[in-house]
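# Coordinate inspection notes
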Amino acid sequence: MTVRGRVAVDAPALRIDDLLGDRSIRIIVCTGAGGVGKTTTAAAIALRAAEQGRKVCVLTIDPARRLAQAMGLTTLDNTPRAVEGIDGSGTLHAMMLDMKRTFDEVVEAHSDPDRAQAILDNPFYQSLSSSFAGTQEYMAMEKLGQLRTEADRDGTWDLIVVDTPPARNALDFLDAPARLGSFLDGRFIRILTAPARGAGRGIGKIAVMGFGLFTGVLSKILGAQVLSDIGTFVAAIDTTFGGFRERADATYALLQDPGTSFVVVATPERDALREASYFVERLKADSMPLAGLVLNRVQLVTLGDMSEEEAIASADRLEDGDDTDQLTATLLRLHAQRQQIAGRQHHLAERFTAAHAGVPVTTVPALAEDVHDLEGLREVGHLLADA
Amino acid sequence: MALHVVSGKGGAGKTTVAAALALALAHDGKRTLLMEVEGRQGIAQLFDTPPLPYTERKVAVSPGGGEVWALPVDPHEALLDYLEIFYNLRRAGSVLKKIGAIDFATTIAPGLRDVLLTGKACELVRRIEKNAPDAYQAIVLDAPPTGRIAKFLNVNSEVSGLAKVGPIHKHAQLVMSVIASPRTAVHLVTLLEEMPVQETIDGVAELRADGLPVGGIFVNMTRPSMLSAHQLVQARAGTLPLDDIAAAAAGAGVRLDPALVAAALGQEAEDHAARVDLETRERLRIDELDLPTFTLPMIPDGIDLGALYELALKLRSEGVR
């Protein structure tokens, strides 16, 4: 009889415990489409690692309230807090990202106090640092870099597990730092700020078409006030430009380090697996180390050896019988429906493994309840490891 | 209702529900437009067509001769549209692109991207009001997920930090005059599970706080009980008559050991009962919102064009017009 909840995919097993036992792995990044259970997976992996003796910090982006409570996270204060109730010799810290606070800290770390204040007060900076698109991804990576530096310096942690933001698409967090970096360092900003820095510098060909016309167009679209805010902002962070860019590059390099490992999370649904596919391809293209795929919320089937067709045929034979026959028929139909769902999920999983031969996979069955406490996280960790 | 904004937790089936809604609204010879804004080409995949360009294009006909058209809105193109419509400046686009201004406007500039995307939806709504020949009877917007929806729609507050006065600010106000009006309804798609329901409840509160018009709740992928109330009690308690079930299964000619079959069916019934309990509990929380609620079943075989028609009919039967 098939083990409950196992989708027998034709792929090597993703052995989470081997990953956690490998001391050279110091960062695990959980990623995938929205709503697939990334945060829970990250928390479960972190708890399991801690209970196997590692000193772990888990960085979550936007955990569901009860999951946050399960880890004792009640405030969003951008500081790792010790999680109580860990069995064994390891430790677990957990934190929720405060993107604005993180951004402010970067500014403060790279400017003298007066200049920092000028930046923090700038309207453009304020909307940039609290806007959702891009900043959250950038700051998640920034925070990861900070935690890693702290870990190296103080030996506080030997493993950082990070959950990625619920982006428009899961790849955004890889691109956001570079995008923001190239904006801050790019041609557009040099043009915008040309008046402030002395006309002519950096304008190049645009000067030929008429700088006045150009800024005229931009003023029309954005309004003169916006242009002026951006100009002041850029002039203020001019000296820290290099800092921003270097940090973005350093974080990117960190993600390519052999000590980093990506865990891609998906549910056995078309969209989630498509996103997982993109991600696997992208990691390969960018030489980022992939541990494997967690296939989450897989339909449980207890009676795996009885096919959908057989269950329906048997149910049909019992349909006109007595109460027990009818109850049995209903149970057989229920089983047929589960097999149908499991069959579809299996088919989708096979398509993924065929396209990405050699990518290790582990499955986690759909649980009736959400995770509310450490015990629930332990259970998920156990299911993850039981490839 | 002119503009239906469909949001929901990731994985709850937002795009599927938006498509089924567009089909249901296109019944009886109407013409509806299904818009997507997240660049995922979800509509093309759902309707099984090659990736769609940034043009309005017919993707399906509905029973009764109605039509569903689709438009994947790309922020770059929407910006060029905007330049064209408001300033007759489309030709400036290539220069702006070269220096990175288009990228800036659509990816970095806080909120601008959202103004452009919602602005496109509003332009389509205004076509209806102008009785334009190319107007649709309804626009269905497959919007960002619940966690971001209020921010996405509330473009006024989003751009206020960026532009307190000026053209973008004016444009944002125009957009808000459509979105925060009775012409618009923001629907949330949920599953009957704890986290999606909590997110839905929080989402409704957030939308209301921002003065955005909440429409209905679309409860997706439900698995109605196949067992009677009494049988569910037995399944939960593990007191189903397994010996009798084994005998019945043997009588029906199952190949496997009947006792094993009965035990496994009992286990599956217990899982089913737990699921039904969860759905019942979460349904009560949805009911407390006191909003129009539409229920769609789980389609065990997955979503294809046929399933979309089935879901659209279900929506019609629940009163979607």
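What you see is a predicted model; the values in this text were computed from it and never measured.

Thresholds applied
- Residues numbered from 1 in each chain as written.
- Chains lettered and ligands numbered in written order.
- Predicted model: local features only at pLDDT ≥ 70, side-chain atom pairs only at ≥ 80, totals over all residues.
- Heavy atoms only, no water.
- Contact = heavy atoms within 4.5 Å.
- Buried area = accessible area lost by both parts, 1.4 Å probe.
- Polar contact = N/O pair within 3.5 Å; in protein donor to acceptor, adjacent residues only side chain to side chain.
- Helix = DSSP H or I, 4+ residues; strand = E, 2+ residues; numbered from the N terminus.
- Nonpolar A, V, L, I, M, F, W, Y, C, P; charged D, E, K, R; others polar.
- Expected span 1.5 Å × (residues − 1).
- Buried < 20%, exposed > 50% of the residue type's maximum accessible area, 1.4 Å probe, protein only.
- Domains from an automatic or database assignment.
- Salt bridge = Lys/Arg side-chain N within 4 Å of Asp/Glu carboxyl O.
- Phe/Tyr/Trp six-rings, centres within 6.5 Å; stacked < 30°, edge-to-face > 60°.
- Lys NZ or Arg CZ within 6 Å of the ring centre and 35° of its normal.
- Axes fitted to C-alpha atoms, helices over the stretch in contact; angles between N-to-C directions.
- Parallel < 35°, antiparallel > 145°, perpendicular 65-115°, else oblique.
- pLDDT = per-residue confidence, 0-100.
- Pairing = 2+ DSSP bridges.

## Notes on the interface of chain B and chain A
- Between chain B and chain A, the contact holds 68 residues from the first and 70 residues from the second.
- Interface area for chain B against chain A, summed over the two sides, is near 6,200 Å², with a carbon-plus-sulfur share of 65%.
- At the boundary of chain B and chain A, one finds 12 residue pairs in polar contact (both at pLDDT 80 or more).
- The greatest single-element share of the side of chain B that touches chain A, amounting to 12 residues, is contributed by helix H13 (residues 258-287) of chain B.
- Of the residues that constitute the side of chain B that touches chain A, the class distribution is 39 nonpolar, 12 polar and 17 charged.

## Comments concerning helix H12 (residues 224-237) of chain A
- With 14 residues, H12 of chain A should cover 20 Å at 1.5 Å per step; its first-to-last C-alpha distance of 20 Å lies within 8% of that length.
- Of the positions making up H12 of chain A, those classed as buried are Val226, Leu227, Asp229, Ile230, Gly231, Phe233, Val234, Ala236 and Ile237 of chain A.

## With respect to the side chain of Thr40 of chain A
- Of note, Thr40 of chain A is situated in helix H2 (residues 38-51).
- Sequence-distant contacts of Thr40 of chain A, defined by excluding residues within four places in its chain, comprise Leu67, Val371 and Leu377 of chain A together with Met195 of chain B.

## Quick word on the domain arrangement of chain B
Residues and elements named next belong to chain B.
- Segmentation of chain B into domains returns domain 1 (3-223 + 298-316) and domain 2 (224-281).
- A straight line from the C-alpha centre of domain 1 to that of domain 2 covers 44 Å.
- Of the residues lining the interface, 5 residues belong to domain 1; the matching set on domain 2 comes to 6 residues.
- Summed over both sides, the interface between domain 1 and domain 2 buries roughly 570 Å², with carbon and sulfur atoms accounting for 48% of that surface.
- The tally of links between domain 1 and domain 2 comes to 1 salt bridge.
- A salt bridge links Glu193 to Arg275, with the shortest nitrogen-to-oxygen separation between them at 2.9 Å.
- In terms of residue class, the side of domain 1 that touches domain 2 is made up of 2 nonpolar, 1 polar and 2 charged.

## What about the packing of aromatic side chains?
- Overall, the coordinates contain 4 aromatic pairs over all chains when judged by the stated rule.
- For the ring pair Phe262 of chain A and Phe279 of chain A, a centre distance of 6.2 Å and an interplane angle of 50 degrees mean the geometry is tilted. In this pair, Phe262 of chain A is assigned in strand S6 (residues 260-266) and Phe279 of chain A in helix H14 (residues 270-285), connecting sequence segments 17 residues apart. Taken as a pair, Phe262 of chain A and Phe279 of chain A share a single burial class, namely buried.
- Seen from the ring of Trp69 of chain B, Arg31 of chain B lies directly overhead, with NZ or CZ sitting 4.8 Å from the centre.
- The cationic tip of Arg31 of chain B hangs over the ring face of Tyr136 of chain B; the distance from NZ or CZ to the ring centre is 4.2 Å.

## Regarding the packing of helix H3 (residues 75-87) of chain B against helix H9 (residues 167-179) of chain B
Residue and element names in this part refer to chain B.
- It is the contact of H3 with H9, at a shortest axis distance of 13 Å, that shows an interaxial angle of 95 degrees. By the criterion of interaxial angle, the relationship of H3 to H9 is roughly perpendicular. Only Pro167, Ile168 and His171 of H9 make contact with H3, whose side of the interface consists of Tyr82, Phe86 and Tyr87.
- Looking at the contact of H3 with H9, its residues break down into 5 nonpolar, 1 polar and no charged.

## Re the confidence of the model for chain B
- For chain B, mean pLDDT is 90; residues scoring 70 or higher make up 97% of the total.
- Scored as a whole, the predicted complex attains pTM 0.89, and scored at its interfaces, ipTM 0.88.

## Quick look at the pairing of strand S3 (residues 57-61) of chain B
Residue and element names in this part refer to chain B.
- In this structure, S3 lies alongside strand S4 (residues 67-72), joined through 4 bridges in antiparallel fashion. Counted as the bridge partner of Arg57 is Ala70 from S4.
- A loop of 5 residues connects S3 with S4, the two strands running antiparallel in sequence, and Gly64 in this loop sits at a positive phi of about 90 degrees.

## Topic: the pairing of strand S2 (residues 31-36) of chain B
Residues and elements named next belong to chain B.
- Taking burial as the measure, the 6 residues of S2 include 5 buried ones, the bulk of the element.
- Relative to strand S5 (residues 138-142), S2 runs parallel, the two sharing 5 bridges. By the bridge assignment, Met35 is partnered in S5 with Leu141.

## So, the pattern of salt bridges
- Per the stated rule, a full pass over the model turns up 38 salt bridges over all chains.
- The partner of Glu123 of chain B in a salt bridge is Arg127 of chain B, and the shortest N-O contact between them spans 3.7 Å. Within this pair, Glu123 of chain B and its partner Arg127 of chain B are both found in helix H6 (residues 112-129), separated by 4 residues, close to a single helical turn. Like Glu123 of chain B, the residue Arg127 of chain B is buried in the burial classification.
- Between Arg127 of chain B and Asp134 of chain B there is a salt bridge, with its nearest N and O atoms 3.6 Å apart.
- Overall, Asp134 of chain B belongs to the partly exposed group, its relative accessible area being 36%.
- Linked through salt bridges whose partners overlap, the residues forming this network are Lys100, Arg101, Asp104, Glu105, Glu108 and Lys143 of chain A.

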